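What follows is the residue order along each chain.
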Amino acid sequence: MTRRAMMAAGVVACALSIARQRPAAAAGGLSFGLTPVFLDSDIQLLANLEAYLERATGGPVALVKRRTYQEITALLLTGQLDAAWICGFPFVQHADRLALVGVPLFRGRPLYQSYVIVREGAPARDFADLRGGIHAFSDPESNSGFLVTRCLLADLGATPDSFFSRVFFTYGHRNVIRAVAAGLAQSGSVDGYVWEVMKETEPGLVGATRVLRRSEWLGFPPVACLRSAAGQPGVSALAAALQGMAGDPLGRTVLAELRLDGFSAAEPALFDGIAAKYAQVRESL
């Protein structure tokens, strides 16, 4: 079985396993999925986001969180979520079924980078120096937390298991930073946006790490919906709410907490760089 087939089977299996726990907003409302990025534990942020979206869309909104990217993707693909803030990697994997609702603007652009980090003071000076060490990935469905590094290894004719002595998934970018800072891993793959924001919010933790390598700029994790739902009133209202966030006082509070400038409309071509990495990794298997 190919990796693509195994991944598809995994999504189906995940969907079946959670089908009896269908998340839903109140009648007439929206269900909006959130992947386990570092801010999903911020209760005040979630309360403000929910309050803003309910006011801006004119109806109830349920924020749905799960532990892994795959769980949120499965809920979205099976129609159990109206929309979800996902990663560019699952978006390109399922580009034939998903449509863009909005893309965040980080420092004025809908782009971000993947970082490979090491512990501050570590002797490594380039990626080759990490060979034989322990590496922490974020999530197997994460572009910045897995795919970018997996593609870099493919360029070297290597795999995670052949290059590193051991790899593990932390299922959270904050957890990758913690693992590297604590010495549980010699290196880690992390979302550059997360690292930069946590450098402000948790300088003691992030200061124990340093960036060894930055990727090229890639499409920022988008909000997506099923293509079949793209024209529905609720999804259209959500898109308008996201794109109008910078013009609303509560919306600006949410954006400030997220360290984002706003949300914009975008075309799928924004994620061509991620799609190319996915294709390269498939070809190397």
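Residues numbered from 1 in each chain as written. Predicted model: local features only at pLDDT ≥ 70, side-chain atom pairs only at ≥ 80, totals over all residues. Heavy atoms only, no water.

Visitor: I'm lost on the packing of helix 2 (residues 43–57) against helix 10 (residues 233–243) in this one. Help?
Guide: For any two helices packed against each other, one specifies the inter-axial angle together with the distance between the axes. Orientation of helix 2 relative to helix 10, taken along the N-to-C sense of each, is 120°, at an axis distance of 9 Å. In terms of orientation, helix 2 and helix 10 fall into the oblique class. Handedness of the crossing formed by helix 2 with helix 10: right-handed. Side by side, helix 2 and helix 10 meet where Y52, L53, A56 and T57 of the first sit next to A237, L238, A241 and L242 of the second. (Axes fitted to C-alpha atoms, helices over the stretch in contact; angles between N-to-C directions. Helix = DSSP H or I, 4+ residues; strand = E, 2+ residues; numbered from the N terminus. Parallel < 35°, antiparallel > 145°, perpendicular 65-115°, else oblique. Left-handed = near helix turned anticlockwise from the far one by under 90°. Contact = heavy atoms within 4.5 Å.)

Visitor: What is the right way to read the packing of helix 5 (residues 143–155) against helix 12 (residues 272–284) from this model?
Guide: The contact between helix 5 and helix 12 brings their axes to 9 Å, and the two run at 50°. On the basis of their axis angle, the class for helix 5 and helix 12 is oblique. You can see that helix 5 and helix 12 cross each other, and the crossing is left-handed. Residue-level inspection shows N143, L147, V148, R150, C151, A154 and D155 of helix 5 in contact with helix 12, the latter providing I274, K277, Y278, Q280, V281 and S284.

Visitor: I would appreciate a short explanation of helix 11 (residues 249–258) in the present structure.
Guide: An α-helical turn contains 3.6 residues, so any two residues separated by three or four positions project in the same direction. For helix 11, the complete set of buried residues consists of G251, V254, L255 and L258. For helix 11, the angular spread of buried residues about the axis comes to 100°, placing them on one side. Those residues of helix 11 that are buried lie in contact with helix 2, strand 3 (83–85), helix 8 (192–201) and strand 13 (262–264). A distance of 2.9 Å separates the backbone nitrogen of L250 from a side-chain oxygen at the start of helix 11, and that oxygen is part of D248. Backbone geometry just after helix 11 places R259 at a positive phi near 60°. (Buried < 20%, exposed > 50% of the residue type's maximum accessible area, 1.4 Å probe, protein only. Arc of directions from axis to C-beta. Polar contact = N/O pair within 3.5 Å; in protein donor to acceptor, adjacent residues only side chain to side chain.)

Visitor: How should helix 10 be read in this particular structure?
Guide: Listed as buried for helix 10 are V235, L238, A239, A241 and L242. Considered in projection along helix 10, the buried side chains sweep an arc of 165° and stay on one side of the axis. Among the exposed residues of helix 10, those pointing more than 90 degrees away from its buried face are P233 and A240. Tucked into the core, helix 10 has its buried residues touching strand 1 (30–34), helix 2, strand 3, strand 4 (98–105), strand 12 (223–226) and strand 13.

Visitor: How should the sheet that holds strand 6 (residues 114–119) be read in this particular structure?
Guide: With respect to topology, five strands assemble into an open sheet ordered 8-7-9-6-10, the strand pairing being mixed. Where the open sheet ends on each side, the last strands, each with one partner, are strand 8 (166–169) and strand 10 (209–214). When the angles between neighbouring strand axes are averaged without regard to direction, this sheet yields 30°. Pairing analysis gives five bridges linking strand 6 to strand 10, with the strands arranged antiparallel. (Pairing = 2+ DSSP bridges.)

Remember, this is a structural readout, not a statement about activity or role.
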